[in-house]
Amino acid sequence: MKYNIPRGTFDILPQDSYKWQFVMDSFRKIASRFGYEEISTPIFETAELFERSSGESSDVVQKEMYRFTDRKERIFALRPEGTAPVVRSYVENHMDVLSSRTKLYYIGPMFRYDRPQAGRYRQFYQYGIEFIGSDNPYYDAEVIAIEMLWLQELGLKNLRLEINSVGCPTCAADYDAALREFFRPALQDLCPDCVKRFDLKPRRLLDCKVASCKPFRVGAPSQLDYLDAPCTEHFAKVCESLTAMDISYIINPAIVRGLDYYTNTAFEVIYEGLGAQNSLAGGGRYNGLIEQIGGKSIPAIGFAGGFERLLLALEKEQIELGKRICPDAYLICLGEKARVAIYTYLNHLRQKGLYIEYDPDKSSLKAQFKAADTSGASYAIIVGDSELEAKTVNLKNLVTGEQVSLPLDGGEAVYAILHQDH
Ligand SMILES: [Zn+2]
Ligand SMILES: [Zn+2]
């Protein structure tokens with residue numbers, strides 16, 4: 001029997017895992033620098049959490065969610081996104097009582113049953129930021145600033161920030177009415193999904209992926225023309241704050257976001273050069289979500305981004321993402337007596353925090369030197385029976401070829417030299 005990896009998933013192999021660690025660590029650092037703390041939630045939740053938050057009509061719930069029934073007939077779903085679980089935890093753990101401002105970030109796998117393609121998987125890894133507790137437009141800009149600063153610090157150029165306002169439920173209703181008016185004459189020519197969306201969520205007609213639907217949206221009314229006074233002011237202040245923070249942006253009224261819970265600010269960060277799948281991160285304000293899933297009415301804003309596309313973009317720009325870890329030294333042992341005695345010494349070196357590679361199955365000097373080279377170690381420590389008798393070890397610098405004799409002590413002498421090199 002031969003087993004294959006499930007379609008749309010991938011292994012993170014050792015030759016790549018250090019890059020993932022580097023990028024994840026780097027995200028943790030930038031989030032911490034803005035006062036965000038990590039939260040980890042389970043990879044599955046009750047399916048209803050996502051149905052309630054994303055909206056029954058959303059593609060995520062309709063077509064892409066991995067739903068399953070457990071042995072007690074409870075219906076769960078593998079999480080398709082990170083915000084609803086974080087908000088569930090926020091409400092369940094009464095975080096609003098602990099503090100009026102909550103800054104959370106997360107990293108982890110998400111799951112969507114989608115057609116696999118370049119940069120798009122059924123299990124994919126996301127990072128996200130959630131700020132909960134204020135409607136101040138400053139926070140919209142701050143959340144965007146985290147993502148932009150991070151991507152710039154990683155070395156990415158050719159980034160484009162696109163922002164929009166999707167309004168509040170009041171002004172969204174006016175806008176939906178205007179959209180229905182606009183699309184009504186084309187109704188019989190639109191795809192079946194769009195016909196469904198026409199009544200439920202006419203804004204979704206603006207981002208339908210079906211080619212024959214695209215021409216009909218030319219000249220469609222813009223949400224920005226239907227914002228009420230408070231939403232207009234909020235959006236203007238977000239723009240003003242971004243400019244003051246030296247973050248350039250373009251306003252794109254077509255950003256509607258796939259999920260139901262967004263209000264006011266919506267944004268996307270685009271990296272030019274990844275083809276059709278060029279969005280690195282997206283997010284927005286979700287002032288209604290916390291109340292919608294059983295909490296108080298508390299405003300919030302956040303975003304999420306995918307690690308797969310980010311790594312593709314970083315690779316495209318040939319940005320180095322850390323290094324594979326190499327041993328500090330390779331221990332070469334010659335002779336039977338030395339072989340057992342060396343275990344104590346090896347143990348001492350490891351207790352000092354050094355990474356020492358050793359292979360008891362290799363006995364010849366040649367085989368061990370070859371293994372030392374392959375391992376990428378900069379030093380070899382050589383101990384044979386004669387060294388053992390003289391209570392010494394030989395330390396050879398594999399780069400320069402230089403060799404010194406050191407005492408066979410508790411590892412102090414070798415540590416002193418290798419530590420200098422760190
Ligand atoms: Zn409004
Ligand atoms: Zn359509």
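Provided above is the structure to which this section pertains.
Here the structure is a predicted model, which means the values were calculated and not measured. (Residues numbered from 1 in each chain as written. Chains lettered and ligands numbered in written order. Predicted model: local features only at pLDDT ≥ 70, side-chain atom pairs only at ≥ 80, totals over all residues. Heavy atoms only, no water.)

Engineer: Is there a simple way to explain the coordination of the zinc ion (ligand 2) in this structure?
Structural biologist: Tetrahedral coordination by four donors places them ideally at 109.5 degrees to one another around the metal; octahedral coordination by six donors ideally gives 90 or 180 degrees. The zinc ion (ligand 2) binds to the protein through Cys191 (SG), Cys194 (SG), Cys208 (SG) and Cys213 (SG), with metal-donor distances spanning 2.2 to 2.4 Å. The site at the zinc ion (ligand 2) holds four donor atoms, and with the angles between them running 104 to 114°, its shape is tetrahedral. For the zinc ion (ligand 2), the single-chain donor residues occur in sequence as C-x2-C-x13-C-x4-C. A single burial state applies to cysteine 208 and to cysteine 213, both of which are buried. (Donors = N, O, S within 2.8 Å, 3.2 Å for Na, K, Ca; no water. Tetrahedral: all angles 85-135°; square planar, octahedral: opposite > 155°, others 65-115°. Buried < 20%, exposed > 50% of the residue type's maximum accessible area, 1.4 Å probe, protein only.)

Engineer: What exactly am I supposed to notice about the pairing of strand E14 (residues 379-383) here?
Structural biologist: A regular strand carries its side chains on alternate faces of the sheet. Of all the five residues making up E14, five are buried; the element is thus mostly covered by neighbouring parts of the structure. Two elements, strand E12 (residues 329-333) and E14, share five bridges in a ladder whose sense is parallel. If you follow leucine 331 over to E14, its bridge partner there is isoleucine 381. Relative to strand E15 (residues 392-397), E14 runs antiparallel, the two sharing four bridges. Paired with isoleucine 382 across the two strands is asparagine 394, which belongs to E15. (Helix = DSSP H or I, 4+ residues; strand = E, 2+ residues; numbered from the N terminus. Pairing = 2+ DSSP bridges.)

Engineer: Just checking my understanding: could you explain helix H1 (residues 14-33) for this structure?
Structural biologist: Count 3.6 residues to each turn of an α-helix, and residues three or four apart come out pointing the same way. In this model H1 runs 29 Å from its N-terminal to its C-terminal C-alpha over 20 residues, within 8% of the 28 Å that 1.5 Å per residue would give. Buried within H1 we find Lys19, Trp20, Val23, Met24, Ser26, Phe27, Ile30 and Ala31. Take H1 and look down its axis: the buried residues cluster within an arc of 155°, on one side only. Looking at H1, the residues exposed on the side facing more than 90 degrees away from the buried face are Lys29 and Arg33. (Expected span 1.5 Å × (residues − 1). Arc of directions from axis to C-beta.)

Engineer: I keep staring at the coordination of the zinc ion (ligand 1) and nothing clicks. Help me out?
Structural biologist: Protein coordination of the zinc ion (ligand 1) is provided by Cys168 (SG), Cys171 (SG), Asp228 (OD), Asp228 (OD) and Cys231 (SG), with donor distances spanning 2.2 to 2.6 Å. Along the chain, the residues donating to the zinc ion (ligand 1) fall in the pattern C-x2-C-x56-D-x2-C. Separated by 57 residues along the polypeptide, cysteine 171 in helix H7 (residues 169-183) and aspartate 228 in the loop between helix H8 (192-200) and helix H9 (229-244) bring together distant segments of the chain.

Engineer: What is the right way to read the pattern of salt bridges from this model?
Structural biologist: It is possible for side chains bearing opposite charge to pair when their charged atoms get close. Under the criterion given, the structure shown has 26 salt bridges. Linking aspartate 16 and lysine 19 is a salt bridge whose minimum nitrogen-to-oxygen distance equals 3.2 Å. With aspartate 16 and lysine 19 both in helix H1 and three residues apart, the pair spans about one turn of that helix. Two residues, aspartate 359 and lysine 362, come together in a salt bridge whose shortest N-O distance is 2.9 Å. Using a relative accessible area of 29% as the deciding quantity, one classes lysine 362 as partly exposed. (Salt bridge = Lys/Arg side-chain N within 4 Å of Asp/Glu carboxyl O.)

Engineer: Quick question: what am I supposed to make of the packing of helix H6 (residues 137-154) against H9 here?
Structural biologist: Relative to each other, H6 and H9 sit at 45°, their axes nearing to 8 Å. In this view, H6 runs oblique relative to H9, as classed from their interaxial angle. Handedness of the crossing formed by H6 with H9: right-handed. Together, Pro137, Tyr138, Asp140, Ala141 and Ile144 of H6 and His234, Lys237, Val238, Ser241 and Leu242 of H9 make up the contact between the two elements. (Axes fitted to C-alpha atoms, helices over the stretch in contact; angles between N-to-C directions. Parallel < 35°, antiparallel > 145°, perpendicular 65-115°, else oblique. Left-handed = near helix turned anticlockwise from the far one by under 90°. Contact = heavy atoms within 4.5 Å.)

Engineer: Whenever I open this one, the sheet that holds E12 confuses me. Can you help?
Structural biologist: In a beta sheet, neighbouring strands are held together by backbone hydrogen bonds and run either parallel or antiparallel to one another. One open sheet holds the five strands; their spatial order is E13-E12-E14-E15-E16, and the pairing between them is mixed. Two strands in the sheet have a free side with no partner beyond their single neighbour: strand E13 (356-357) and strand E16 (403-407). Helix H12 (residues 336-351) rests against E12, E13, E14 and E15 of the sheet, and its axis sits at about 165° to E12. Lying on the sheet, helix H13 (residues 365-375) is in contact with E12, E14 and E15; it crosses E12 at an angle near 175°.

Engineer: Got a minute to help me understand the packing of aromatic side chains in this structure?
Structural biologist: The geometry of an aromatic ring pair comes down to the distance between the two centres and the angle between the two planes. Taken as a whole and assessed by the stated rule, the structure comprises 21 aromatic pairs. Centroid distance phenylalanine 68 to phenylalanine 76: 6.0 Å. Interplanar angle 35°. Geometry classified as tilted. Geometrically, the ring pair formed by tyrosine 343 and tyrosine 358 is edge-to-face, given 6.2 Å between the ring centres and 70° between the ring planes. Here tyrosine 358 lies in the loop between E13 and H13 and tyrosine 343 lies in helix H12, a separation of 15 residues in the sequence. Given a relative accessible area of 41%, tyrosine 343 falls into the partly exposed group. In this structure, arginine 122 packs its charged tip against the face of tyrosine 113, placed 4.0 Å from the ring centre. (Phe/Tyr/Trp six-rings, centres within 6.5 Å; stacked < 30°, edge-to-face > 60°. Lys NZ or Arg CZ within 6 Å of the ring centre and 35° of its normal.)

Engineer: Teacher, can you tell me more about the nonpolar core here?
Structural biologist: Burial of nonpolar side chains together is a common tendency in soluble globular proteins. Within the largest apolar cluster, 47 residues are counted, with the highest numbers of intra-cluster contacts made by Trp150 and Leu310. No other element matches H6, which puts ten residues into this core. Apart from the residues within four sequence positions on either side, leucine 310 is in contact with Val23, Tyr127, Trp150, Leu151, Leu154, Leu156 and Leu280. Formed by 28 residues, the second largest nonpolar core is a distinct cluster that contains Ile39, Val87, Phe124 and Ala300. (Core = buried A, V, L, I, M, F, W, Y, C linked by side-chain atoms within 4.5 Å.)

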